[in-house]
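# Remarks on the overall topology
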Amino acid sequence: MNQAQSKEIGSVLLKSRSVLLTTHINPDGDGIGSGLALMNELLRRGKNVEFINRDTAPKMYSFLPNSDKIKTAKKITKCYDAMVVLECPDLSRNGNILDYDRQCGKILNIDHHMGNGMYGHINVVEPKAAAVGVQIFQLMKELKWKISPVVAACLYTAIVTDTGSFRYSNTTPQVHRIAAELLELGANPDQICSEVYATSKKSTRLFTEMLKVMKLEDKFGYSYLTRAMFKKTGAEESETDNFINTIRSIKGIEISILFKETLSGTVKASFRSKNGTDVNLLAKKFGGGGHMHAAGCAIDKPIKTAIAMVIKEVRKYLKGK
Ligand SMILES: [Mn+2]
């Protein structure tokens with residue numbers, strides 16, 4: 001985020017009395033960390049600020065200060081002077097939780113995904129940014145807002161989760177410089193990573209089930225989680241975010257996919273790739289999207305059908321490479 005963009009956003013936020021912060025459905029560490037960084041800072045500045053998402057935040061982020069103030073709503077009725085939409089390429093990704101034109105004075109769209117619909121009054125869309133946490137860090141730096149240890153912890157959480165603990169290809173020298181600065185500002189990497197990457201007995205049992213049904217082909221691997229598997233182990237969906245990394249890390253596997261049967265019956269497919277293989281293209285074929293090396297989609301079909309449909313496309317794609 002550059003100086004001009006930061007100034008524009010800063011002036012809207014400082015002029016607003018009420019601010020709504022929100023991120024995408026099934027929020028992740030970047031959305032929650034970035035939102036809480038802004039919330040903690042705006043609360044300190046005496047703003048009337050709320051952080052509301054359609055879905056609950058995964059439990060592993062509950063150590064972050066003020067995470068207990070995050071609310072969920074299917075429909076928000078209040079109006080706000082400004083709204084910051086984090087990580088949503090379009091407003092359906094936010095879950096259509098309010099009438100955006102009518103209930104928000106200014107919409108500030110901050111995102112790092114490709115194909116953002118530029119729906120805001122101000123749009124800061126940077127697919128090259130490793131995380132929205134990086135964008136929020138730059139915003140605060142440009143505005144010369146002092147980053148407190150609490151805000152530093154939130155931003156570090158956003159960045160560590162979106163870079164796969166500084167392992168993905170979005171991990172640039174700049175990302176490490178920002179992370180170093182966040183440590184100097186008081187973020188505790190040991191504490192943050194123990195909270196974020198803690199597993200449970202239930203999730204480990206589910207992970208075992210996933211490994212049992214995993215299929216590995218020449219250049220791609222996939223597995224799935226059915227409702228029956230969730231029921232058998234008692235694990236929650238939010239505990240499965242890192243499962244796909246095990247498939248991804250297998251040498252020779254360029255594309256990894258994890259299919260999850262959701263409570264509503266649709267199937268969520270998460271794609272990961274390496275070495276310039278573009279899974280955003282694949283996810284797009286099924287109405288989803290994301291980044292080149294990490295993307296996802298939802299398929300409204302029984303899980304077996306969904307798997308067959310996607311696998312067919314993956315084989316076709318790898319053949320044509
Ligand atoms: Mn992100």
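Just so it is clear, the model here is predicted, and its values are computed rather than measured.

Conventions and cut-offs
- Residues numbered from 1 in each chain as written.
- Predicted model: local features only at pLDDT ≥ 70, side-chain atom pairs only at ≥ 80, totals over all residues.
- Heavy atoms only, no water.
- Donors = N, O, S within 2.8 Å, 3.2 Å for Na, K, Ca; no water.
- Helix = DSSP H or I, 4+ residues; strand = E, 2+ residues; numbered from the N terminus.
- Buried < 20%, exposed > 50% of the residue type's maximum accessible area, 1.4 Å probe, protein only.
- Phe/Tyr/Trp six-rings, centres within 6.5 Å; stacked < 30°, edge-to-face > 60°.
- Polar contact = N/O pair within 3.5 Å; in protein donor to acceptor, adjacent residues only side chain to side chain.
- Pairing = 2+ DSSP bridges.
- Domains from an automatic or database assignment.
- Contact = heavy atoms within 4.5 Å.
- Buried area = accessible area lost by both parts, 1.4 Å probe.
- Salt bridge = Lys/Arg side-chain N within 4 Å of Asp/Glu carboxyl O.
- Nonpolar A, V, L, I, M, F, W, Y, C, P; charged D, E, K, R; others polar.

All right, on to the coordination of the manganese ion then. On the protein side, the manganese ion has Asp30 (OD), Glu87 (OE), His112 (NE2) and Asp162 (OD) as donor atoms, found 1.9 to 2.3 Å from it. The motif formed by the donor residues of the manganese ion, counted along the single chain, is D-x56-E-x24-H-x49-D. Pair noted here: Asp30 is in helix H2 (residues 29–44) and Asp162 is in helix H5 (residues 149–162), with a separation of 132 residues, a long-range link. The residues Asp30 and Asp162 share a single accessibility class, namely buried.

Counted under the stated rule, the structure contains 4 aromatic pairs. Summarising the aromatic geometry, the rings of Tyr156 and Phe166 are spaced 5.9 Å apart at their centres and angled 55° between planes, so their arrangement reads as tilted. Taken together, the residues Tyr156 in helix H5 and Phe166 in the loop between H5 and helix H6 (173–184) connect sequence positions 10 residues apart. Among the residues examined, Tyr156 registers a relative accessible area of 7% and is labelled buried.

Next up on the list: the side chain of His113. For His113, the position within the fold is in the loop between strand S5 (104–111) and strand S6 (122–125). Assessed through its relative accessible area of 13%, His113 is described here as buried. One polar contact links His113 to Asp111, side chain to side chain, over a distance of 2.6 Å. Here His291 takes part through its side chain, which lies 3.3 Å from a polar atom of the side chain of His113.

Turning to the pairing of S5, a few remarks are in order. Burial within S5 is extensive, with 6 of its 8 residues counted as buried. Where strand S4 (residues 80–86) and S5 come together, 6 bridges link them in parallel fashion. Its bridge partner lying in S5, Met83 is registered against Ile107. Bridging between S5 and S6 involves 4 bridges; their strand directions are parallel. Looking across to S6, one finds that Ile110 is bridged to Val124.

Next up on the list: the domain arrangement of the protein chain. Each assigned domain of the protein chain is listed here: domain 1 (3–196) and domain 2 (201–319). One C-alpha centre belongs to domain 1, the other to domain 2, and the line joining them spans 26 Å. Each partner contributes to the interface: domain 1 provides 9 residues, whereas domain 2 provides 11 residues. Here domain 1 meets domain 2 over a buried area of about 900 Å², counting both sides, of which 45% is carbon and sulfur. The largest share of the area that domain 1 buries against domain 2 comes from Lys59, Met114 and Tyr168, three residues that together contribute 45% of it. The salt bridge partner of Lys59 is Glu236, with a shortest N-O separation of 3.0 Å. Across the side of domain 1 that touches domain 2, the residue classes break down as 4 nonpolar, 4 polar and 1 charged.

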